[in-house]
Amino acid sequence: GAVVSQHPSRVICKSGTSVKIECRSLDFQATTMFWYRQFPKQSLMLMATSNEGSKATYEQGVEKDKFLINHASLTLSTLTVTSAHPEDSSFYICSARILDGLETQYFGPGTRLLVL
Amino acid sequence: SQELEQSPQSLIVQEGKNLTINCTSSKTLYGLYWYKQKYGEGLIFLMMLQKGGEEKSHEKITAKLDEKKQQSSLHITASQPSHAGIYLCGADGSGNTPLVFGKGTRLSVIA
């Protein structure tokens, strides 16, 4: 089956630094990838839709200048949390949409970010 | 590992009719989430249930979690074309286990 990987799986950084999270579709091409955030004991919330070769579409309330998304190829999307603050600590998860006519999304294992 | 089974896999209803989607877990649920997915879009969070017997409503959608916290249902009253999409139930894995989702229920609403 389709596999989506994320790197790193967990990261600890100091406040004010930037962190880049990679999302890769390993055995298929994904024209669309989605980035989600999940705070402890809360739901997964969609942050943005990443389309290969074009600008990401951000959900309301998500700062595009803070959460930079780049979808440079059909197998890679990156999320950069700029000037991270402790409140950005969360579980970041990506998914890739496969064009199988069923709208199947495959989820990465997530990246746990802790900002000190 | 925890598994979520959804039924039915797909559903076609006439506009105005009521419908129910079920989600059954192999283990006790500590948090059950319902999401909706439209064509080409990401998952949109609908509701979260945590307590046995809990029921939440939003507009014409009601979700319930049974007392044993192993089964949840999503009920749509007087369905409309805007309700069409894929409905997914999800749960947290334990510790660092990735999220677990059901396979989804594809809902079509015809006029």
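Reading the values: the criteria
- Residues numbered from 1 in each chain as written.
- Chains lettered and ligands numbered in written order.
- Predicted model: local features only at pLDDT ≥ 70, side-chain atom pairs only at ≥ 80, totals over all residues.
- Heavy atoms only, no water.
- Contact = heavy atoms within 4.5 Å.
- Buried area = accessible area lost by both parts, 1.4 Å probe.
- Polar contact = N/O pair within 3.5 Å; in protein donor to acceptor, adjacent residues only side chain to side chain.
- Helix = DSSP H or I, 4+ residues; strand = E, 2+ residues; numbered from the N terminus.
- Nonpolar A, V, L, I, M, F, W, Y, C, P; charged D, E, K, R; others polar.
- Core = buried A, V, L, I, M, F, W, Y, C linked by side-chain atoms within 4.5 Å.
- Buried < 20%, exposed > 50% of the residue type's maximum accessible area, 1.4 Å probe, protein only.
- Phe/Tyr/Trp six-rings, centres within 6.5 Å; stacked < 30°, edge-to-face > 60°.
- Lys NZ or Arg CZ within 6 Å of the ring centre and 35° of its normal.
- Disulfide = S-S within 2.5 Å.

**Q** I'd like a rundown of the interface of chain B and chain A, residues and numbers included.
**A** Contact residues are listed per partner, giving 21 residues for chain B and 19 residues for chain A. Taken over both partners, the interface formed by chain B and chain A buries close to 1500 Å², and the fraction arising from carbon and sulfur atoms is 53%. Put simply, chain B and chain A have three residue pairs in polar contact (both at pLDDT 80 or more) between them. Broken down by secondary-structure element, the contributors of at least two residues to the side of chain B that touches chain A are strand E4 (32-37) and strand E5 (43-49) of chain B. Looking at the side of chain B that touches chain A element by element, the count peaks at four residues for E5 of chain B. For the side of chain B that touches chain A, the residue count by class is eleven nonpolar, six polar and four charged.

**Q** Talk me through the nonpolar core; I want residue IDs and the actual numbers.
**A** A general trend in soluble globular proteins is that nonpolar side chains are found buried together. In terms of nonpolar packing, the biggest core is built from 26 residues, with Phe 28, Trp 35, Phe 67, Leu 79, Tyr 92 and Leu 113 of chain A touching the most fellow members. Those residues in contact with Tyr 92 of chain A that sit more than four places away from it in its chain are Gln 6, Ile 21, Tyr 36, Arg 37, Met 47, Phe 67, Leu 79, Gly 110, Thr 111 and Leu 113 of chain A. In terms of nonpolar packing, the next biggest core, distinct from the first, is built from 23 residues, Leu 29, Met 47, Tyr 87 and Cys 89 of chain B among them.

**Q** Lay out the packing of aromatic side chains in plain terms, naming residues and giving numbers.
**A** One pass over the structure, following the stated rule, counts eight aromatic pairs over all chains. Taken together, a centroid distance of 5.6 Å and an interplanar angle of 40 degrees make the contact between Tyr 36 of chain A and Phe 107 of chain A tilted. In this pair, Tyr 36 of chain A sits in strand E4 (residues 32-38) while Phe 107 of chain A sits in strand E10 (residues 105-107), placing the two residues 71 residues apart along the sequence. For Phe 107 of chain A, a relative accessible area of 23% corresponds to the partly exposed category. When the ring of Phe 107 of chain A is compared with that of Phe 101 of chain B, the centres are 4.7 Å apart and the planes differ by 25 degrees; the resulting orientation is stacked. Within this pair, whereas Phe 107 of chain A is found in strand E10, its partner Phe 101 of chain B is found in strand E10 (residues 100-101), the two belonging to separate chains. Taking NZ or CZ as reference, Lys 66 of chain A lies 6.0 Å from the ring centre of Phe 67 of chain A, over its face.

**Q** Could you give an account of the state of the cysteines, with specific residues and numbers?
**A** Tallied over the entire structure, the rule returns two disulfides over all chains. Paired through a disulfide, Cys 23 of chain A and Cys 94 of chain A show a sulfur-sulfur distance of 1.9 Å. Taking the sign of the torsion about the S-S bond as the criterion, the disulfide between Cys 23 of chain A and Cys 94 of chain A, at about 80 degrees, is right-handed. Linking Cys 23 of chain A in strand E3 (residues 19-25) with Cys 94 of chain A in strand E9 (residues 90-97), this pair joins segments that are 71 residues apart in sequence. The pair Cys 23 of chain A / Cys 94 of chain A is uniform in exposure class, with both members buried. Each sulfur of the disulfide joining Cys 23 of chain B and Cys 89 of chain B lies 2.0 Å from the other. Measuring handedness by torsion sign, the sulfur bridge of Cys 23 of chain B and Cys 89 of chain B sits at about 75 degrees and is right-handed. Pair noted here: Cys 23 of chain B is in strand E3 (residues 19-25) and Cys 89 of chain B is in strand E9 (residues 85-91), with a separation of 66 residues, a long-range link. As far as the burial class goes, Cys 23 of chain B and Cys 89 of chain B line up, both buried. Of all cysteine sulfurs in the structure, the one in Cys 94 of chain A sits closest to Cys 13 of chain A, which takes part in no disulfide; the separation is 18 Å.

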